[in-house]
Amino acid sequence: MTNPALILNEALAELLHDNGLAVYKPTGALPERGIKLDGVMPTTINDFTLLSPQTPLADGRADMTYRVQIFTRRKGSPLQVMEWANDLRAVLDQKAYTPQVLGISWAWEFSATTFDPDTQGRSAVAATYMFRGRR
């Protein structure tokens, strides 16, 4: 059986890629604006998106609430990552059947935090999304 968190992360990576929010390249080196699925923060690239699965919550015998933190870092001002988070919200928040895996029927933004630039001028946003789905 394939891990549901990996299924969801891959579907989200494809969705972000299809909507121009990041570049999903499943093999090879991480490109600029690339997506990582393993929850390990890259140290050698400025612009990237990191998908970190959170422990799913059982809601009865068959329903699950899947959770993913979507962390994006970009070189530039906090306004850039805030705009990115707004674009992400337009794709995912309060959407039915998005993404179309794991019987997901509804997605919503649970929280989001913007981070000021670090010492190398990279701002970030961390948004946690929840997905109502099936086991």
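Every chain is numbered on its own, with residues counted from 1 as its sequence reads. Only residues with pLDDT of 70 or above have their local features reported here, since the model is predicted, and side-chain atom pairs are shown and tallied only from 80 upward, although totals for entire chains, interfaces and linings are computed over all residues. To obtain the side-chain values, all non-hydrogen atoms of the structure were used and water was disregarded.

Asker: Is there a simple way to explain the sheet that holds strand β5 (residues 106-115) in this structure?
Answerer: Hydrogen bonding along the main chain pairs the strands of a sheet, whether they run parallel or antiparallel. Pairing in this open sheet of 6 strands is mixed, and the strands run β1-β2-β3-β6-β5-β4 from one edge to the other. The sheet is open, and its two edges are formed by β1 (34-36) and β4 (95-96), each paired on a single side. The criterion for strand pairing is that DSSP finds at least two bridges linking the strands in question. The secondary structure listing takes helices from DSSP runs of H or I that are at least 4 residues long and strands from runs of E that are at least 2 residues long, numbered from the N terminus. Pairing analysis gives 2 bridges linking β4 to β5, with the strands arranged antiparallel. Residue Ala96 lies in a different strand from β5, and its bridge partner there is Trp106. Contacts from helix α1 (residues 4-18) reach β1, β2 (48-59), β3 (63-75) and β6 (122-134), with the element oriented near 135 degrees to β2. Every residue pair with non-hydrogen atoms within 4.5 Å of one another is taken to be in contact. Convention adopted: a line fitted to C-alpha atoms gives each axis, helices being fitted over their contacting stretch, and angles between N-to-C directions are expressed from 0 to 180 degrees. Along the sheet face, helix α2 (residues 78-92) touches β2, β3, β4, β5 and β6 and points at about 15 degrees away from the line of β6.

Asker: Before we go on, may I ask you to explain the packing of aromatic side chains in this structure?
Answerer: Aromatic ring pairs: the centre-centre distance and the angle between the two ring planes describe each pair. Here a pair means two rings of Phe, Tyr or Trp (six-membered ring of Trp) with centres within 6.5 Å. Their orientation is stacked below 30 degrees between planes, edge-to-face above 60, and tilted elsewhere. Per the stated rule, a full pass over the model turns up 2 aromatic pairs. Each ring, one from Phe48 and one from Phe71, has its centre 6.1 Å from the other, and the planes form 35 degrees; the classification is tilted. Of this pair, Phe48 sits in strand β2 while Phe71 is found in strand β3, placing the two residues 23 residues apart along the sequence. In this scheme, a residue with accessible area under 20% of its type's maximum is buried, one over 50% is exposed, and one in between is partly exposed, where area comes from a 1.4 Å probe on protein chains only. Exposure remark for Phe48: the relative accessible area of 0% places this residue in the buried category. Centroid distance Phe71 to Phe115: 6.4 Å. Interplanar angle 50 degrees. Geometry classified as tilted. Here Phe71, found in strand β3, pairs with Phe115, found in strand β5; they are 44 residues apart in sequence, far enough to count as distant. Through successive ring pairs, a cluster of aromatic residues spans Phe48, Phe71 and Phe115.

Asker: Can you walk me through the nonpolar core in this structure?
Answerer: If you look at soluble globular proteins, the nonpolar side chains tend to sit buried side by side. To qualify as a nonpolar core, a set must consist of buried Ala, Val, Leu, Ile, Met, Phe, Trp, Tyr and Cys residues joined through side-chain atoms within 4.5 Å. Within the largest apolar cluster, 27 residues are counted, with the highest numbers of intra-cluster contacts made by Leu8, Leu51, Ile70, Leu88, Leu92 and Phe131. When contributions to this core are tallied by element, the ones reaching two or more residues are α1, β3, α2 and β6. Ranked by the residues each element gives to this core, the list is headed by α2, at 6 residues. Apart from residues no more than four positions distant in its own chain, Leu51 is found in contact with Asn9, Leu12, Ala13, Leu16, Ile35, Lys36, Leu37, Asp38, Gly39, Val68, Gln69 and Ile70. In terms of nonpolar packing, the next biggest core, distinct from the first, is built from 6 residues, Ile45, Leu50, Ala124 and Ala126 among them.

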